[in-house]
Amino acid sequence: MKRLNIGILSLLALMLVGCGKGKFHVEGNITDAKDSVLYFENMSLDGPVVVDSVKLSADGAFSFSGERPEAPDFYRLRISDGIINISVDSIETIRIKASYPTMSTRYEVEGSENCDKIKELSLLQQQLLAQALSISENPSLGMEQSGDSIRKIVEAYKENVRMNYIFKEPQKAYAYFALFQSLGDMLIFNPRESEMDVKTFAAVATSWDSFYPNALRGKNLHNIAIEGMRQVRILKAQEKPYQIDASKVSEVSLIDIPLIDNKGKRRSLTELKGKVVLLDFHVFASDYSTERIMMLRDLYNKYHAQGLQIYQVSFDSNEHFWKTQTAALPWICVRDNKGLQSEYLLRYFVQQLPSYFLIDRTNSLYKRGEQIDDVEAEIKTLLNK
């Protein structure tokens, strides 16, 4: 009888262990970072949340742990702006080795297939950004050539990631991670404007619905896909009223931006043919806004009578605030209600705000801000052509 009792107790102990969620572990070394604080952050749907941190010693050793998630979850290791993204989906031990100055691009990871794939995706993303920056800063390329080249490499990147990562195993954490990669502040896969991108989100959403039916991330994907379908339908419907006889269309070498201005009127860049245009991408709620507006007002006052026009695109989320801030401005002020997810930020490859471009009198993109040393001198050159 005594042996039976011991056996029952052992069985109960095993059952209790089996019912426990268990823990995952993230450990390793990040060298060349003595006395730096290494943060372990959960990448929640609302943004990064610090879970733990450690002040590193000379050998850079660290060890973090947490409860196993019900569905794949995402974390990152961060020292200042150095970041290593990882995912956790089981009771696993993930080991990472890196050196601080290059931790984002040169690190070793063991113990997780998903983390291996996330590393591959992160490196591909960094290569894409470097290629795009190289194209945009190449002085020998015109704006039309630059824009076309960037769009081509972005589309090639999306096709590669879509076929070799997302569609290959849509239920995996790395497929979810790929959906939210960005180029600067813009999503590479944007379901608000691309029907193919909607299908890409939907593929992962459907898979997560099956594998992780109660996961908040899965439900969020589902909602994004549905909203994307609605937005794409709206865009298609809006295109029809503006279709005109092709024989009446004159080609221009810029991407038009037809938006509603602060007076409720629909404006576009193409209507400004014959003017020299400073196209300004702006956020009025930012710290730089006041100084920026003063600089633009000075240029406008000096050169508007000679043919300069300013076409300012705002990405402020608060429409009332934007209208208040622009009420007294003499130039064209429009607003994109998609904010930082605007398609125009991606199409013009805007990496930071504020950013500006110069457009000549033929309605052709001339130069972007990064290619200009003296904006006033360039405006004078264009006005005198």
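Definitions and limits used
Residues numbered from 1 in each chain as written. Predicted model: local features only at pLDDT ≥ 70, side-chain atom pairs only at ≥ 80, totals over all residues. Heavy atoms only, no water. Pairing = 2+ DSSP bridges. Helix = DSSP H or I, 4+ residues; strand = E, 2+ residues; numbered from the N terminus. Axes fitted to C-alpha atoms, helices over the stretch in contact; angles between N-to-C directions. Contact = heavy atoms within 4.5 Å. 1 Å grid on protein atoms, 1.4 Å probe; cavity = no way out; pocket = protein on both sides within 12 Å on 5 of 7 lines; lining within 4 Å. Points joined across faces, edges and corners; volume = space filled by probe spheres on them. Nonpolar A, V, L, I, M, F, W, Y, C, P; charged D, E, K, R; others polar. Parallel < 35°, antiparallel > 145°, perpendicular 65-115°, else oblique. Expected span 1.5 Å × (residues − 1). Buried < 20%, exposed > 50% of the residue type's maximum accessible area, 1.4 Å probe, protein only. Polar contact = N/O pair within 3.5 Å; in protein donor to acceptor, adjacent residues only side chain to side chain. Phe/Tyr/Trp six-rings, centres within 6.5 Å; stacked < 30°, edge-to-face > 60°. Salt bridge = Lys/Arg side-chain N within 4 Å of Asp/Glu carboxyl O.

Moving on, we get to the sheet that holds strand β5 (residues 73-79). On the basis of which strands lie adjacent, the open sheet formed by four strands has the order β3-β2-β5-β6 and antiparallel pairing. In the strand order of this sheet, the two ends are held by β3 (47-55) and β6 (82-88), each with one partner. Within this sheet the neighbouring strands show an average axis-to-axis angle of 25°, counted without direction. Pairing of β5 with β6, which is carried by seven bridges, proceeds in the antiparallel orientation. When the sheet's bridge partners are listed, isoleucine 79 is paired in β6 with glycine 82. Running at roughly 145° to β6, helix α2 (residues 113-136) makes contact with β5 and β6 of the sheet.

Now for the layout of surface pockets. If you add up the space inside the second largest pocket, you get close to 830 Å³. Forming the boundary of the second largest pocket are 29 residues, of which Met43, Asn85, Phe177, Phe180 and Gln181 lie nearest the centre. Of all elements in the fold, only β2 (37-44), β3, β5, β6, α2, α4 (173-179), β9 (182-183) and α6 (216-239) reach the threshold of two or more residues within the lining of the second largest pocket. Among the residues making up the lining of the second largest pocket, the classes are represented as 14 nonpolar, 12 polar and three charged.

Glancing now at the packing of α2 against helix α3 (residues 143-166). Between α2 and α3, whose axes approach to 9 Å, the crossing angle comes to 170°. Judged by the inter-axis angle, α2 sits roughly antiparallel to α3. Where α2 abuts α3, its residues Lys117, Glu120, Leu121, Leu124, Gln125, Leu128, Gln131, Ala132, Ile135 and Ser136 lie against Ser146, Ser149, Ile150, Ile153, Val154, Tyr157, Asn160, Val161 and Tyr165. In the contact of α2 with α3, the residues fall into 11 nonpolar, six polar and two charged.

An ideal rise of 1.5 Å per residue puts 24 Å on 17 residues; helix α5 (residues 195-211) measures up with 25 Å between its terminal C-alpha atoms. Those residues of α5 that fall on the buried side of the exposure criterion are Asp197, Val198, Thr200, Phe201, Ala202, Val204, Ala205, Ser207 and Trp208. In this structure serine 194 caps α5, since a side-chain oxygen of it lies 3.4 Å from the backbone nitrogen of methionine 196.

So, about the environment of glutamate 41. Along the chain, glutamate 41 turns up in strand β2. Judged by its relative accessible area of 4%, glutamate 41 is buried. The sequence separation of glutamate 41 and aspartate 52 amounts to 11 residues, and the corresponding C-alpha distance is 7.1 Å. Excluding anything up to four places from it in sequence, glutamate 41 contacts Pro48, Val49, Val50, Val51, Phe74, Tyr75, Arg76 and Arg78. A polar side-chain atom of glutamate 41 sits 2.5 Å from a polar atom in the side chain of arginine 76. A polar atom in the side chain of glutamate 41 sits 2.9 Å from the side chain of arginine 78.

Quick look at unusual backbone geometry now. Residue proline 354 is reached from leucine 353 by a cis peptide bond, and omega for that bond is 5°. When you line up the elements, proline 354 lands in the loop between α9 (343-347) and β16 (355-359). Positive phi outside glycine occurs at serine 80, with the angle close to 55°. Within the fold, serine 80 resides in the loop between β5 and β6. Although it is not a glycine, asparagine 363 adopts a positive phi angle of roughly 70°. Note on placement: asparagine 363 falls in the loop between β16 and β17 (365-368). By relative accessible area, asparagine 363 is classed as buried at 1%.

Read across the open sheet, the four strands follow the order β4-β1-β7-β8; overall the sheet is mixed. Strand pairing shows two members of the sheet lacking a second neighbour, β4 (61-67) and β8 (107-110), which therefore form its edges. With direction set aside, neighbouring strand axes in the sheet form an average angle of 15°. Inspection of the sheet shows strand β1 (residues 23-31) paired to β4 by seven bridges, in the antiparallel sense.

The full count for this structure, using the stated rule, is 17 aromatic pairs. Aromatic pair tryptophan 208 and tyrosine 212: ring centres 5.0 Å apart, planes at 65°, arrangement edge-to-face. Judged by its relative accessible area of 0%, tryptophan 208 is buried. A network of ring pairs unites the aromatic residues Phe74, Tyr176, Phe180, Phe201, Trp208, Phe211 and Tyr212 as a single cluster.

Let us look at the pattern of salt bridges. Tallied over the entire structure, the rule returns 21 salt bridges. Between arginine 162 and aspartate 197 there is a salt bridge; the shortest N-O distance is 3.1 Å. Pair noted here: arginine 162 is in helix α3 and aspartate 197 is in helix α5, with a separation of 35 residues, a long-range link. The exposure class of arginine 162 is buried, given its relative accessible area of 5%. Classification of aspartate 197 by relative accessible area gives buried; the value is 1%. Among the charged side chains, a network of salt bridges with common partners joins Glu155, Lys158, Glu159, Arg162 and Asp197.

Once that is clear, we can look at the environment of histidine 25. Examined against the element boundaries, histidine 25 turns out to sit in strand β1. Not counting the four nearest positions on each side in its chain, histidine 25 is found in contact with Phe64, Ser65, Glu92, Thr93 and Ile94.

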